[in-house]
Amino acid sequence: MAVTRAAEIDMARVDELIAEEERALEPKQPKSIAFHEVAKKHVAGGVASSWQDAPPHTVYVTEGKGSKIWDLDGNEYVDYHNGYGVMVVGHAHPKIVKAVQERVPKGTHFAQPGPEIVPVAENLVERFKVPLWRFGNSGTEATLDAVRLMRAASGRDLLIKIEGTYHGHHDSLMVSVMPEAEDIGPREHPNSVPQTLGLPQAFADLVRVVPFNDLDALDRTLTENEGRVAGMFIEPAMMNAGIIPPEPGYLEGVREITKRHGVYLAFDEVKTGCSVAWGGAVERWGVQPDIVCLAKVIGGGLPCGAIGATEELMARVISGDMDLQGTFNGNPLTMAASLATLTEILTPDAYDHLEHLNTILADGINSAIDRYALPAYVLTFGAKGSVIYSPTPVRDYRDHLKVDERLSYLAWLVQQNRGVFKSPWAKTETWTIGVQHTDADAQLYVDNFTELASMLAAAS
Ligand code: PMP
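Residues numbered from 1 in each chain as written. Predicted model: local features only at pLDDT ≥ 70, side-chain atom pairs only at ≥ 80, totals over all residues. Heavy atoms only, no water.

Q: Is there a simple way to think about the pairing of strand 2 (residues 68-71) in this case?
A: A regular strand carries its side chains on alternate faces of the sheet. Because side chains alternate across strand 2, one face comprises the buried residues Ile69 and Asp71, and the other comprises Lys68 and Trp70, none of which is buried. Two strands pair when backbone bridges link them, and strand 1 (residues 61-65) and strand 2 are joined in this way by four bridges, in the antiparallel orientation. Along strand 2, the bridge assignment pairs glutamate 63 with tryptophan 70. Linking strand 1 back to strand 2 in an antiparallel pair, the connection comprises two residues, with glycine 66 at a positive phi of about 60°. As defined by bridge partners, strand 2 adjoins strand 3 (residues 76-79) across three bridges and the pair is classed as antiparallel. Among the inter-strand pairings, lysine 68 is bridged to a residue of strand 3, identified as valine 78. Counting the residues in the hairpin turn of strand 2 and strand 3 gives four residues, including glycine 74, whose phi is positive at 85°. (Buried < 20%, exposed > 50% of the residue type's maximum accessible area, 1.4 Å probe, protein only. Helix = DSSP H or I, 4+ residues; strand = E, 2+ residues; numbered from the N terminus. Pairing = 2+ DSSP bridges.)

Q: Looking at this structure, how should I read helix 11 (residues 311-319)?
A: At 3.6 residues per turn, the α-helix brings residues three or four places apart onto the same side. Leu313, Met314 and Val317 are the residues of helix 11 that are buried. Along the long axis of helix 11, the arc covered by the buried residues comes to 75°, so they all point the same way. When the buried face of helix 11 is taken as reference, the exposed residues oriented beyond 90 degrees from it are Glu311, Glu312 and Ile318. Taken together, the buried residues of helix 11 touch strand 4 (132-136), helix 6 (139-154), strand 8 (264-268), strand 9 (291-294) and strand 10 (305-309). Trailing helix 11 by a residue or two, glycine 320 shows a phi angle of about 90°, which is positive. (Arc of directions from axis to C-beta. Contact = heavy atoms within 4.5 Å.)

Q: Sorry if this is basic, but what is going on with the sheet that holds strand 11 (residues 377-381) here?
A: Strand pairing in a sheet takes place through backbone hydrogen bonds and is either antiparallel or parallel in direction. Strand order across the open sheet formed by three strands is 11-12-14, with antiparallel pairing between neighbours. Two strands in the sheet have a free side with no partner beyond their single neighbour: strand 11 and strand 14 (431-432). One ladder, built from five bridges, connects strand 11 with strand 12 (residues 384-388); its direction is antiparallel. Within strand 12, the position partnered with threonine 380 by the bridge is glycine 385.

Q: I tried to follow the domain arrangement of the protein on my own but got confused; where do I start?
A: Under the domain assignment used here, the protein contains domain 1 (11-88 + 348-458) and domain 2 (95-345). Summarising the inter-unit geometry, the C-alpha centres of domain 1 and domain 2 are found 26 Å apart. Contacts between the two partners involve 30 residues from domain 1 and, on the opposite side, 38 residues from domain 2. A buried area of about 2900 Å², summed over both sides, lies between domain 1 and domain 2, and 61% of it is on carbon and sulfur atoms. The largest contributions to the domain 1 side of the interface with domain 2 come from Phe381, Tyr397 and Arg398, which together make up 26% of the buried area. For the interface between domain 1 and domain 2, the tally reads four salt bridges. Between aspartate 396 and arginine 187 there is a salt bridge, with the nearest N and O atoms lying 2.4 Å from each other. One can count twelve residue pairs in polar contact (both at pLDDT 80 or more) joining domain 1 with domain 2. (Domains from an automatic or database assignment. Buried area = accessible area lost by both parts, 1.4 Å probe. Salt bridge = Lys/Arg side-chain N within 4 Å of Asp/Glu carboxyl O. Polar contact = N/O pair within 3.5 Å; in protein donor to acceptor, adjacent residues only side chain to side chain.)

Q: Help me understand the side chain of threonine 430, please; the structure alone is not making it clear to me.
A: Looking at where threonine 430 falls in the secondary structure, it is placed in the loop between strand 13 (420-421) and strand 14. Setting aside residues up to four positions removed in sequence, threonine 430 forms contacts with Met239, Gly242, Ile243, Lys384, Gly385, Ser386 and Ser423.

Q: I tried to follow the sheet that holds strand 13 on my own but got confused; where do I start?
A: Ordered by their spatial adjacency, four strands build an open sheet running 1-2-3-13, and the pairing between neighbours is mixed. Two strands close off the open sheet at either side, each with one partner strand: strand 1 and strand 13.

This is the structure:
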């Protein structure tokens, strides 16, 4: 919902507020700040993954229980980061603890399949309506395998992806993930921009990029490349640009157009899977792809990934003509946590609780937006939500580029200083709540947001 009467925000005042909030945060996290110097000696940049290092400084986390986490300085936070959208089960859930504790003394790795893979796959079939599954260790592996499957089954090399979406860090899809405005090219023919140093242009040249929520662009691009495209990757709702939902009819249109052009369709449900609904985006928006890529939520906090596909796509794997492999695939510890997550914790009624919490969040945030005429709106889906600092709806990546990220950075600081941990790089991140969050946890976020809104109103 977009606001109709938006105040202009004084961005110079926002810069001052950012400086004030940074000054307030620093004395609360001296151990994290000092530890970064120690960590930097033998861990590149002092972090295990580049996106763990975010302004104003890296925060090292030591413990989590339920909806809370604690940092190296002993500060307690309600966790809305939830490990980049993984911990919908919450931290140290007793059923996950039990499943892992029972598994460990019986051995944690064989690289031979165990019986747990069957009930996990059966549960995923029910949720996502694709018949055949394989397991891996991350979202990156899931989308990498999906690329391979599509190319093997079609005998074609080109891929279609949406501008501004992230599908993991392998070469085939790390194209036009967050391209700079000066690099993106015309809207009718966006450039395919390598996202990182070290990614050869040759990989980008195999990718055609289209804007989200634009069926004409998709149809035109497929017509221009008729007979050359293996498949299309899409996050059914974009979740790495705040949240950008599919407009009514968009996903149905994508399904119809890809079918008409004989192109496979993969839903990257690494973030939406088991979070926006019990059956992920497939259930929430009622559109059936050929491939579903999963990770994050389904492992209950252990490294995990899964790819589900039609019999046609998996045929070459089953016949042995191509391999989908990995030493740790179907690891028994991961499978034990996954089974507990899928069958004991994230049952259909768990989603009622998530929707209830997100209603508290959305109502509270909306009333603060209205009261202070903030140029922003809030969106929630299942365990996910995001405030988007724009007076008009953001429909695609090019709209998202126009959002001033100083506002979401200030929002991150305000929450962090008041006991709520949001994902770093908050312009592009959503929040994730979990089954162990309470009404009081939701209210704390709302109260902090209301304070932010009043600060911004005073700045306008
Ligand atoms: N796809 C999407 C939509 C993601 O958001 C991510 C990670 N944030 C990935 C794929 C990659 O997953 P992983 O980090 O587990 O490799």
